[in-house]
Amino acid sequence: MTPAQLIRDDIRALQAYHVPDASGYIKLDAMENPYRWPEHLVGEWQHGLAELALNLYPDASGKMVTDALYQHAKVPTDAAIMLGNGSDELIQLIIQAVAKPDACIMAPEPSFVMYQMIATFNQVGFVGTPLNDDFSLNLAATLEAIEATQPAAIFLAYPNNPTGNQFSTADIEAIIQAADGLVIIDEAYYAFASDSYLPRVLQHPNLLVMRTLSKVGLAGIRLGFLVGDTAWIHELDKLRLPYNINVMTQYTAQFALQHIAVLESQAEQLKIARGMLLDELTNTPHCTAYPSDANFILFATQHPSLTTRDVHEQLKERQILIKCLDGSHPALNNMLRVTVGTPEQNQQFIDALRAILQ
Ligand SMILES: *Cc1c(COP(=O)(O)O)cnc(C)c1O
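(A) The arrangement of the packing of aromatic side chains in detail. Enumeration according to the criterion identifies ten aromatic pairs in this entry. Where W37 meets F255, the ring centres are 5.6 Å apart and the plane angle is 40 degrees; that geometry is what we call tilted. Within this pair, whereas W37 is found in the loop between β1 (26-27) and α3 (39-49), its partner F255 is found in helix α11 (residues 247-258), the two being separated by 218 residues in sequence. Owing to a relative accessible area of 17%, W37 belongs among the buried residues under this scheme. With a relative accessible area of 5%, F255 lands in the buried category. Where Y57 meets Y243, the ring centres are 4.3 Å apart and the plane angle is 15 degrees; that geometry is what we call stacked. A residue pair is termed long-range when its members are at least 10 positions apart, and Y57 in the loop between α3 and α4 (63-72) and Y243 in the loop between α10 (230-236) and α11 qualify at 186 residues. Accessibility expressed as a relative area gives 37% for Y243, which makes it partly exposed. Grouped by ring-pair contacts, the aromatic residues W37, W45, Y251 and F255 constitute a single cluster. Between R200 and the ring centre of Y197, over which it is positioned, the NZ or CZ distance is 4.0 Å.

(B) Main features of the site of the ligand. Surveying the vicinity of the ligand reveals 13 residues, the closest of which are D186, Y189, T212, K215 and R222. Here Y189 contributes a side-chain N or O atom positioned 2.6 Å from an oxygen atom of the ligand. Burial of the ligand by the protein chains amounts to 94% of its free accessible area of 390 Å². When contributions to the shell around the ligand are tallied by element, the ones reaching two or more residues are α5 (87-98) and α9 (214-218). For the shell around the ligand, the residue count by class is four nonpolar, five polar and four charged.

(C) Up close: the pattern of salt bridges. This model, assessed by the stated rule, comprises 14 salt bridges. The salt bridge involving K63 is made with D67; its shortest N-O contact spans 2.7 Å. Of this pair, K63 and D67 both sit in helix α4, four residues apart, which is roughly one turn of the helix. Notably, a salt bridge pairs E187 with R211, separated by 3.1 Å at the nearest N-O pair.

Conventions we followed
- Residues numbered from 1 in each chain as written.
- Predicted model: local features only at pLDDT ≥ 70, side-chain atom pairs only at ≥ 80, totals over all residues.
- Heavy atoms only, no water.
- Phe/Tyr/Trp six-rings, centres within 6.5 Å; stacked < 30°, edge-to-face > 60°.
- Helix = DSSP H or I, 4+ residues; strand = E, 2+ residues; numbered from the N terminus.
- Buried < 20%, exposed > 50% of the residue type's maximum accessible area, 1.4 Å probe, protein only.
- Lys NZ or Arg CZ within 6 Å of the ring centre and 35° of its normal.
- Near = heavy atom within 4 Å.
- Polar contact = N/O pair within 3.5 Å; in protein donor to acceptor, adjacent residues only side chain to side chain.
- Areas by Shrake-Rupley, 256 points an atom, 1.4 Å probe, with all protein chains shown as cover.
- Nonpolar A, V, L, I, M, F, W, Y, C, P; charged D, E, K, R; others polar.
- Salt bridge = Lys/Arg side-chain N within 4 Å of Asp/Glu carboxyl O.

Functional significance is not addressed by these values, which are geometric in nature.
Right, dumping it as structure tokens:
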């Protein structure tokens, strides 16, 4: 049989998630933390790395990591934790678990694209709800959609990607109250935000909070975690493949969590840089930038002779890689997203952008 005969039509119709080759570029497209660890930490980490038993399977429960999360990441002690190979894997497990024939997944649009992609992979319906012009939740439309479609799970990225804002807690509370299914608050950007649902995750029976170490400085190790009532985590955990968190990730994550203050102070530096970058963008001709609670900034370009895609291409020619969102959603026409880098990287980006947009 050929792929055309064997593979599901909806999968053959998909475009694979595109990750551009970034070698040689100033990489400001993927919300990575630009800072590495101080040298003494690297030395200490390497020491433990040499001791790892790579010939053995990892601890299937990831106990070293979950203990460190309770101890150092403010996870409430009476909540349960499930570890994922990145939070992408956790999104996949949640959607698989609720994938009954008539189930649907809901999330605002625009938001993190994986919610919809993974729903599609699992042949689960997806309902996107609109945002207002200021990127706040359109509460009336969302409540109406909840009533009409009874989603099995609602994903709310808090702060939202790619818009960068935190939704209002009053709106989120109203959604949690209206929803019969799960509400998952995705706090990928918690380190750069001013609020978190993690301490209050057990206050609502259908609430789960998801985090990842990716954006705070460990994108390379792939570790996400999901927190909530034991009864939910117990069911979801049945779908997790054994040993999904490898030996090196478990070791590195627990080591990093013991030194979480280092990552958090890097996040503080990035928040200061974010403020400066927002000012610079605001003062760049033909640019409109939006405030952000995350480690990236969404901005639009309106140039008399250059399209936003031209600007994106010309930045690339100058070895600067950011994300072009134009065309991905009507609310994102003429929009680009830049990750906050080091002050030097941000300056190089601004200099290049101004040279292009003059
Ligand atoms: C980046 C991102 C993720 C994915 O995180 P990983 O742990 O690297 O898989 C999840 N949610 C949002 C909103 C993100 O922006």
